[in-house]
Amino acid sequence: MKRAHAFLALRYLGLLAILAISIGPFLWQFATSIKGPNEDVFVPDFFPDDPTFANYAAVADVVPVWTFALNSLAVASVNVVTNCLGAAMAGYALARLRFRGRRFAAVVFASSILVPFEAIMISLFLVMRGFGLTNTLTGVVLPGAIAALNVLLLRNAFLALPAEVEEAAIIDGANAWQRFTRLALPSVKGTLVVVALFSFMFSWDDFLWPLIVLSDQEKYTLTIGLAYLQGTFVQNQRLVAAGTIIAVVPLILLFLLLQKHFFRGVGEGAIKG
Amino acid sequence: MTHRPYTPWLFLAPGLVVCGLFVLFPFINMIVLAFTDASALGGGRFTGADNFVRMLQDPKFWAAARNSALYMAGVVPPLVLLPLLIAMLAQKVVPGIGIFRTAFFTPVIASTVVVGLIWTWLLDSRGLVNSVVEALGGTRIGFLTDSTLLLISSMVVTVWRGLGYYMVIYLAALANVPKDLHEAAMVDGAGPVRRFWSVTVPSLRPTMVLVAALSAVNGFRVFSEIYLLSGGTGGPGGASTTLVMLIQSVGRGLTGEVGYASALSVVLFVILLGLLLITLKLNRREDQL
């Protein structure tokens, strides 16, 4: 019995060590962000003598951090809507409608998954320039607006639905759009939540594409805005820290609210990586 | 007839347009451009394999390809092993385990930029890590100023951020390891270490291979971690630049050499496709188990 207790104690010790490694860096960043101007940020002290939120206001004087946040929010929200709707429509057609050319459409999506973004980013920039969409938030959203992976995820979800209900609806005279919106879509809510969450997170966290396509500061999303902030004001770590906390808090809240869907999404999207 | 002949295409149109215009067309365009001397301003003549010949003689290309390969080789072993050990710690349902699992996943949801900035500050010459090093009697280490240490530091950041993600994959796999195998091994007198190697590892092999493949693809694609930890420079003299960073710096801006950047992209694509195909194949096998 004693042995079991010792093992349990060891397990908790291990868990606590990993806990410290996982969230310690976030706590240190938060501690730095609430240290006052008179406190030495280089002293390893997690508990500020005189905590203040003034840095969160001050960071907005240096760069338009709230504009960045709104830009990120706009891009991420549009991304969620276009991915949920566009990918569900395409996935529904692939799974539920019979027509000539279905194989061709499936191949288009499947081959799109195989193209890594990093390999086409320069060429994609030229396409965006051709459309006159560089340095616009539309240009940031468009390439990921309907991700092929989401189309295939939703196709699989629709394929798993029983056919009988829809057959009954066909006899009742429901057209394809009605069957899609009233029957099919409500039945794949679980997958839609996963697609929505990961679209939001992917878009909110994206760095490389906004870095390439945006050039004016007022168009910046949070991620490149923060990288810019770091480049300009390395000397004031309090402000950089405040900026990073602003960027990460919305996602932490979202995660705490919907964590079981996050864990499910890791399983379903494992290929995407 | 359940629908008009064109109805499916109305459903498919938005998705096909986005994937066609912003994935497949740029892809084909990239391959064409790779054989030209196109600049950022457009134009470009067909130059045959010139870009590829130039690449073979370009020390920057070799350095970048080497860094990407080193990066991949450096992050795969820890990302296969450490999350497995963490998953085994977090597998047993003990009081408070939900809080631990949630906390372990937190670095995954933070963006690479946030993570990169946090670690830039931690590894600063006067940062928290160096304070600890000094307190232990060591001298300050230039984690971000030496090109080799910069690469290693970036790998640490990638591994740190990946722990929770791969832990979740392992947790799902561990739940499927048959209990009676462990019990039988216990009856036979096998200790915990023996059971790990003789029961857990063999039944998790497909998952471990999958994690290795996923982390290899992502490791070779590295950009953000090194970009941020080096403040956008790629390290002293650009010595820590990776292949994706090189493509970004060659092809971007008004002086961008689009043709050469496209040729570099083709090479990147071929390498990543190879790794991706392996991943897909392994993933499919995983599904069948």
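Residues numbered from 1 in each chain as written. Chains lettered and ligands numbered in written order. Predicted model: local features only at pLDDT ≥ 70, side-chain atom pairs only at ≥ 80, totals over all residues.

S.K.: Explain the overall build of chain B to me, please; I cannot follow it from the model alone.
M.R.: A tally of helices and strands in chain B yields 12 helices and 0 strands. Sequence-ordered secondary structure for chain B, helices as α and strands as β, is α-α-α-α-α-α-α-α-α-α-α-α. Along the first, second and third principal axes, the C-alpha set of chain B runs to 75 × 75 × 30 Å. Residues classed as buried in chain B amount to 46% of the 289 residues present. Once local pairs closer than 6 in sequence are excluded, the contacts in chain B between residues at least 24 apart make up 70%. (Helix = DSSP H or I, 4+ residues; strand = E, 2+ residues; numbered from the N terminus. Buried ≥ 20, exposed ≤ 12 C-beta atoms within 10 Å, placed from the backbone. Contact = placed C-beta atoms within 7 Å.)

S.K.: Just to check I follow, could you spell out the overall build of chain A for this structure?
M.R.: In terms of helices and strands, chain A carries 14 helices and 0 strands. In sequence order, chain A lays out its α and β elements as α-α-α-α-α-α-α-α-α-α-α-α-α-α. Radius of gyration (C-alpha) of chain A: 24 Å, far over the 19 Å computed for a compact globule of 273 residues. With respect to the three principal axes, the spread of C-alpha positions in chain A is 75 × 70 × 35 Å. Counting only residues that meet the buried cut, chain A has 45% of its 273 residues in that class. By sequence separation, contacts in chain A at least 24 residues apart represent 74% of the contacts at least 6 residues apart. (Rg over C-alpha atoms; globule rule 2.2 N^0.38 Å.)

S.K.: Looking at this structure, I do not really get the interface of chain A and chain B. What am I missing?
M.R.: It is common to give the size of an interface as the accessible area that goes away when the parts come together. On the side of chain B, 82 residues touch chain A, which itself brings 76 residues to the contact. Looking at which element gives the most residues to the side of chain A that touches chain B, the answer is helix α1 (residues 2-33) of chain A, with 13 residues. Considering only residue class, the side of chain A that touches chain B consists of 56 nonpolar, 17 polar and 3 charged. (Nonpolar A, V, L, I, M, F, W, Y, C, P; charged D, E, K, R; others polar.)

S.K.: Can you help me understand the packing of helix α8 (residues 179-187) of chain B against helix α9 (residues 192-220) of chain B in this one?
M.R.: If you want to describe how two helices pack, look at the angle between their axes and the distance between the axes. All names here are of chain B. Packing of α8 against α9 leaves a shortest axis separation of 10 Å and a crossing angle of 165 degrees. The angle between the axes of α8 and α9 places the two elements in the roughly antiparallel class. In terms of crossing hand, the pair formed by α8 and α9 is right-handed. Only R195, S198, V199 and S203 of α9 make contact with α8, whose side of the interface consists of L181, H182 and A185. Residue composition of the contact of α8 with α9, by class: 3 nonpolar, 3 polar and 1 charged. (Axes fitted to C-alpha atoms, helices over the stretch in contact; angles between N-to-C directions. Parallel < 35°, antiparallel > 145°, perpendicular 65-115°, else oblique. Left-handed = near helix turned anticlockwise from the far one by under 90°.)

S.K.: Explanation requested: the environment of L73(A) in the structure shown.
M.R.: Residue and element names in this part refer to chain A. If you trace the backbone, L73 turns up in helix α3 (residues 65-96). Residue L73 is classed as partly exposed on the basis of its 16 C-beta neighbours within 10 Å. L73 sits 130 residues away from S203 along the chain, and the two C-alpha atoms are 9.0 Å apart.

S.K.: What exactly am I supposed to notice about helix α4 (residues 97-109) of chain B here?
M.R.: For α4(B), built from 13 residues, the straight-helix expectation of 18 Å at 1.5 Å per residue is met to within 8% by its first-to-last C-alpha distance of 19 Å. Looking only at α4(B), the buried set comprises F100(B), R101(B), F104(B), F105(B), T106(B), P107(B), V108(B) and I109(B). (Expected span 1.5 Å × (residues − 1).)

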